[in-house]
2 protein chains.
Amino acid sequence: MWTLKVVGLGAVAVSLSVELLRLFIHFRAKRAINKVLFFPSEVTCVEHFFSPLSTHSCLCPLPHGVETSFSRLLHYILSASSSLNVCVFSFSEVNLSRALLLLHSRGITIRVLTDRDYSAINGTQIGVLRKAGICVRCDRTSVHMHHKFAVVDEQLLITGSLNWTQTAVQRNKENILITEDPELVQPFVKEFQRLWLNNNPTQLN
Amino acid sequence: MWTLKVVGLGAVAVSLSVELLRLFIHFRAKRAINKVLFFPSEVTCVEHFFSPLSTHSCLCPLPHGVETSFSRLLHYILSASSSLNVCVFSFSEVNLSRALLLLHSRGITIRVLTDRDYSAINGTQIGVLRKAGICVRCDRTSVHMHHKFAVVDEQLLITGSLNWTQTAVQRNKENILITEDPELVQPFVKEFQRLWLNNNPTQLN
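Everything quoted here is computed from the prediction, not taken from an experiment.

Enquirer: Just to check I follow, could you spell out the sheet that holds strand β7 (residues 174-179) of chain A for this structure?
Expert: Within the open sheet, the seven strands sit side by side as β1-β7-β6-β5-β2-β3-β4 (chain A). Their pairing is mixed. Strand pairing shows two members of the sheet lacking a second neighbour, β1 (34-39) and β4 (135-139) of chain A, which therefore form its edges. Adjacent strand axes in the sheet meet at a mean angle of 10°, parallel and antiparallel pairs treated alike. With six bridges connecting them, strand β2 (residues 83-88) of chain A and strand β3 (residues 109-115) of chain A associate as parallel partners. Residue A:C87 lies in a different strand from β3(A), and its bridge partner there is A:L113. Against the sheet, helix α7 (residues 182-198) of chain A engages β2, β3, β4, β5 (148-152), β6 (156-160) and β7 of chain A, with an angle of about 75° to β3(A). Docked against the sheet, helix α7 (residues 182-198) of chain B engages β1 and β7 of chain A, running at close to 20° with respect to β1(A).

Enquirer: How do you make sense of the side chain of B:S161 when you look at a structure like this?
Expert: Residue and element names in this part refer to chain B. Structurally, the position occupied by S161 is in the loop between β6 (156-160) and α6 (166-170). A relative accessible area of 0% means that S161 is categorised as buried. At 2.7 Å, the side chain of S161 and the side chain of E174 are in polar contact.

Enquirer: Sorry, what's going on with the relation of the copies chain B and chain A here?
Expert: What relates the pair of chain copies is a rotation about an axis plus a shift along that axis. When chain B is fitted to chain A, the residual RMSD is 0.1 Å, and the transformation amounts to a turn of 180° plus an axial shift of 0.1 Å. Those values place the two copies in the arrangement expected of a two-fold rotation axis. A share of 100% of the interface residues of chain B reappears at the interface of chain A, consistent with the copies meeting face to face through the same patch.

Enquirer: Whenever I open this one, α7(B) confuses me. Can you help?
Expert: Residues and elements named next belong to chain B. Along its 17 residues, α7 runs 24 Å from first to last C-alpha, staying within 8% of the 24 Å computed at 1.5 Å per residue. Those residues of α7 not exposed but buried are L184, V185, F188, V189, E191, F192, L195 and W196. Between the side-chain oxygen of the N-cap and the backbone nitrogen of E183 there are 2.9 Å, and the N-cap of α7 in question is D181.

Enquirer: Help me understand the UniProt feature "domain: PLD phosphodiesterase" (unreviewed entry) in chain A, please; the structure alone is not making it clear to me.
Expert: In the numbering adopted here, UniProt assigns the feature "domain: PLD phosphodiesterase" (unreviewed entry) to residues 141-168 of chain A. Secondary structure over residues 141-168 of chain A splits into 11% helix and 36% strand, and the C-alpha atoms at its two ends are 24 Å apart.

Enquirer: What exactly am I supposed to notice about unusual backbone geometry here?
Expert: Phi is mostly negative for residues that are not glycine, and the peptide bonds are mostly trans. Residues and elements named next belong to chain A. Of note, the amide linkage connecting F39 to P40 takes the cis form, showing an omega dihedral of 15°. Within the fold, P40 resides in the loop between β1 and α2 (47-50). The backbone of D153 sits at a positive phi, close to 55°, despite the residue not being glycine. Summarising the element assignment, D153 is placed in the loop between β5 and β6. Overall, the relative accessible area of 16% leaves D153 in the buried class.

Enquirer: Sorry if this is basic, but what is going on with the interface of chain B and chain A here?
Expert: Put simply, an interface is often sized by how much accessible area is lost when its parts join up. The interface of chain B with chain A comprises 43 residues on the first partner and 43 residues on the second. With both sides pooled, the region where chain B packs onto chain A buries about 4000 Å², and carbon together with sulfur makes up 60% of that total. If you sort the residues of chain B by the area they bury against chain A, B:N34, B:F38 and B:K173 come out on top, with a joint share of 17%. If you look at where chain B meets chain A, you find two salt bridges. Among the salt bridges present, the one from A:K173 reaches B:D139, with a minimum N-O distance of 2.8 Å. Our enumeration of links across chain B and chain A arrives at 22 residue pairs in polar contact (both at pLDDT 80 or more). For the side of chain B that touches chain A, the secondary-structure elements that each account for two or more residues are α1 (2-30), β1 (34-39), β5 (148-152), β6, β7 (174-179) and α7 of chain B. Of the residues assigned to the side of chain B that touches chain A, the class counts are 17 nonpolar, 14 polar and 12 charged.

Here is what the cut-offs are and how they apply
In every chain, residue numbers begin from 1 and rise along the written sequence. Just so you know, chain letters begin at A and ligand numbers begin at 1, following the order they were written in. Since the coordinates come from a predicted model, pLDDT governs what is reported: local features require at least 70, and pairs of side-chain atoms require 80 or more to be given and counted, while whole-chain, interface and lining totals use all residues. As a convention, hydrogens and water are excluded, and side-chain values are obtained from all of the structure's heavy atoms. Here a strand pair is declared whenever DSSP counts at least two bridges between the two strands. Counting from the N terminus, the helices are the DSSP runs of H or I reaching at least four residues and the strands are the DSSP runs of E reaching at least two. Axis lines are fitted through C-alpha atoms, for helices just across the contact stretch, and the angle between N-to-C directions can take any value from 0 to 180 degrees. Working rule for contacts: check all heavy atoms of both residues, and any pair within 4.5 Å makes them a contact. Burial here depends on accessible area, computed with a 1.4 Å probe over protein chains only, as a share of the maximum for the residue type. Under 20% is buried, over 50% is exposed, and the range in between is partly exposed. Contacts described as polar in this section are N or O atom pairs within 3.5 Å, which, within protein, must combine one atom able to donate a hydrogen with one able to accept it, while residues neighboring in sequence count only if both atoms come from side chains. The least-squares superposition of copies is restricted to C-alpha atoms, and to residues with a pLDDT of at least 70 in both copies. Helix span, as expected, comes to 1.5 Å for every residue beyond the first. UniProt positions are given in the numbering used here, feature names are shortened, and annotations may be inferred rather than shown by experiment. Put simply, buried area is the surface a 1.4 Å probe can reach on two separate parts but cannot reach once they are joined, added for both. A pair is scored as a salt bridge if a Lys or Arg side-chain nitrogen falls within 4 Å of a carboxyl oxygen belonging to Asp or Glu. Each residue receives one of three labels: charged for Asp, Glu, Lys and Arg, nonpolar for Ala, Val, Leu, Ile, Met, Phe, Trp, Tyr, Cys and Pro, and polar for the others, Gly being one of them.

Structure follows, in structure tokens:
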């Protein structure tokens, strides 16, 4: 009789433990980022991202303290703690460039891959990034390197229709999808690595 | 003593049932589509999508029976059983147009929203779709309607950098993300509806 009771209670204990573990995993999984941002984004002050003390002192005429699609995008980019891989067709938005410079100053490893033709257009930030010592490579094929994605810490994917330009952010109808789902993130991690190696300037003819 | 045994065994039965239910839900969830496709895609014959009998009889010089990023994209678009909402900046790829015409002939409700300027470029399929009776609206604002997404049956999202053009499919470096995750799909369902209503030609000044 004692054996039966012990086995029964043991089984209950094991089942409940497994259940609790599952709930814990489920809770952790639910917290994974999975968001969509739509543009154009309202134009607001984003100085607090670059000078935290300016939150209450900035005197610029833009609205302050407003969360927008663009401020969320900046937030996710600036959340990088080890690496940021950027693969964008066109890169001329100044605050996104400032975000990369800030991450670079924090010692985050940044790699930027862009389209050769669009790396030289008016207002491009590619030269600014290069001068700051950020590693940039250009896709040198005759076709468009038309991607618009970034991977933060090899775990967070930022992808969509949005080029990193002021027109895209402030005027166009655009979307960005932000996810930590490994099924979606990992193919982009691999594709970035493939394109990065394919565009190694020391190995090009 | 009997009460203890019954309670013990009852608890085990409940725990195991919950466990089985969880495994079932997990199994179902795992089967949800969550894929990434990269382009350019190899150019292969896709006639079997439009004339199923042609699988073994097509004599065109392209490779046959090869699964590519483009054939997977066509597969997901043609999986629509009730509706397809397309929101693309530029639409000139003939086989994607044929896919919409085929779905239209099957009675699937199709709505296409595109950029006004790009709806009139050389090779656009917008006129072909309109002539076939597919409902098309153009974003009439002066900014770019730069999205490149589609929603199948309000449940499957197809989105990325890829415009629906032959250059994008066969030449450029592009990506498409395909997901059934409601957290990602539903915002696009709502955004499509918002843009569709905003571009109702009977209510424009």
